[in-house]
Amino acid sequence: MASVDGAYDCVAKTPMGDQKGVFTVISNGDRFNGTFAGMMGSLDVVDGKVAGNKLIWKMEMTMPMPMTLECEAEVAGDAVTGTMQLGAFGASAFAGTRRA
């Protein structure tokens, strides 16, 4: 298992308030797949890239409006921190902890 793999309990600070979700990472070399499942439903990771302990990916949101979220994060131990670019709404910070 790669050091970035796992399920992380996350909270994202968004214009619509704190959004709780579970970010799942399954890496394969310098790529990764996964999902971000939360109150807005489940979003699939698109074009996920791994560079050391850094992750870069996109997610296609359909609700409440169609939008491509551009995301990046860094894993340190069992913690993940990052940002999601929410189109016209700007950047949303998120942080989480890997499940044991």
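Residues numbered from 1 in each chain as written. Predicted model: local features only at pLDDT ≥ 70, side-chain atom pairs only at ≥ 80, totals over all residues. Heavy atoms only, no water.

**Student:** Mind showing me how you'd approach the overall build of the protein here?
**Tutor:** Along the protein, the regular secondary structure elements total zero helices and nine strands. Relative to the globule expectation of 13 Å for 100 residues, the C-alpha radius of gyration of the protein, 12 Å, shows essentially globular dimensions. Overall, the C-alpha framework of the protein stretches about 35 × 25 × 20 Å when taken along its three principal axes. Within the protein, residue pairs in contact and separated by at least 24 positions form 25% of the contacts whose partners lie at least 6 positions apart. Looking at the protein as shown, the accessible area adds up to about 5,600 Å², and 58% of this sits on carbon and sulfur atoms. Each charge class in the protein was averaged separately, 8 positive and 11 negative side chains, and the resulting centres sit 2 Å apart. (Helix = DSSP H or I, 4+ residues; strand = E, 2+ residues; numbered from the N terminus. Rg over C-alpha atoms; globule rule 2.2 N^0.38 Å. Contact = heavy atoms within 4.5 Å. Areas by Shrake-Rupley, 256 points an atom, 1.4 Å probe, with all protein chains shown as cover. Lys, Arg positive; Asp, Glu negative; His and termini not counted. Charge placed at Lys NZ, Arg CZ, Asp CG, Glu CD.)

**Student:** How do you make sense of the nonpolar core when you look at a structure like this?
**Tutor:** General note: in soluble globular proteins, nonpolar side chains tend to be found buried as a group. Formed by 24 residues in total, the largest nonpolar core has its most connected members in F23, F32, L55, W57, M59, L69 and F94. For this core, the secondary structure elements donating two or more residues are β1 (6-14), β2 (17-28), β3 (31-38), β6 (54-61), β7 (67-76) and β8 (79-85). Looking at this core element by element, the count peaks at five residues for β7. If sequence neighbours within four positions are ignored, F32 has contacts with F23, V25, I26, S27, V45, G48, K49, V50, L55, I56 and W57. (Core = buried A, V, L, I, M, F, W, Y, C linked by side-chain atoms within 4.5 Å. Buried < 20%, exposed > 50% of the residue type's maximum accessible area, 1.4 Å probe, protein only.)

**Student:** I keep staring at the packing of aromatic side chains and nothing clicks. Help me out?
**Tutor:** Two numbers describe a pair of aromatic rings. These are the distance of the centres and the angle of the planes. Throughout the structure, instances matching the rule amount to eight aromatic pairs. Between F23 and F36 the ring centres are 6.2 Å apart and the planes differ by 40 degrees, which places this aromatic pair in the tilted class. You can see F23 sitting in strand β2 and its partner F36 sitting in strand β3, a full 13 residues away along the chain. Its relative accessible area of 0% is what places F23 among the buried residues. Each residue in the set Y8, F23, F32, F36, W57 and F94 is aromatic and connected to the rest through ring pairs, giving one cluster. (Phe/Tyr/Trp six-rings, centres within 6.5 Å; stacked < 30°, edge-to-face > 60°.)

**Student:** In this structure, what is going on with the pairing of β2? I would like to understand it.
**Tutor:** As a general feature of sheets, a regular strand has side chains that alternate between the two faces. Sheet analysis places β1 next to β2, joined by nine bridges and oriented antiparallel. For Y8, the partnering residue across the bridge sits in β2 and is F23. Between the antiparallel neighbours β1 and β2 lie two residues. Of the pairings in the sheet, the one linking β2 to β3 comprises eight bridges and is antiparallel in character. Paired with I26 across the strands is N33, a residue of β3. (Pairing = 2+ DSSP bridges.)

**Student:** What's the story with the side chain of S92 in this structure? I'm lost.
**Tutor:** Relative to the helices and strands, S92 resides in strand β9 (residues 91-98). Overall, the relative accessible area of 1% leaves S92 in the buried class. Those residues in contact with S92 that lie beyond four places of it in its chain are A12, K13, T14, G82, T83, M84 and L86.

**Student:** Help me understand a nonpolar patch on the surface in this model?
**Tutor:** Together, M16, M39 and M40 make up a nonpolar patch on the protein surface, roughly 320 Å² of accessible area in all. On the secondary structure map, M39 appears in the loop between β3 and β4 (41-44). (Patch = residues over 30% accessible without salt bridge, like charges linked within 9 Å, V, L, I, M, F, W, Y side chains within 5 Å. Salt bridge = Lys/Arg side-chain N within 4 Å of Asp/Glu carboxyl O.)

**Student:** So what exactly am I meant to see when it comes to unusual backbone geometry here?
**Tutor:** In terms of backbone geometry, most residues other than glycine have negative phi values and most peptide bonds are trans. Not every positive phi belongs to a glycine, and D47 is a case in point at roughly 60 degrees. Within the secondary structure layout, D47 lies in strand β5 (residues 46-51).

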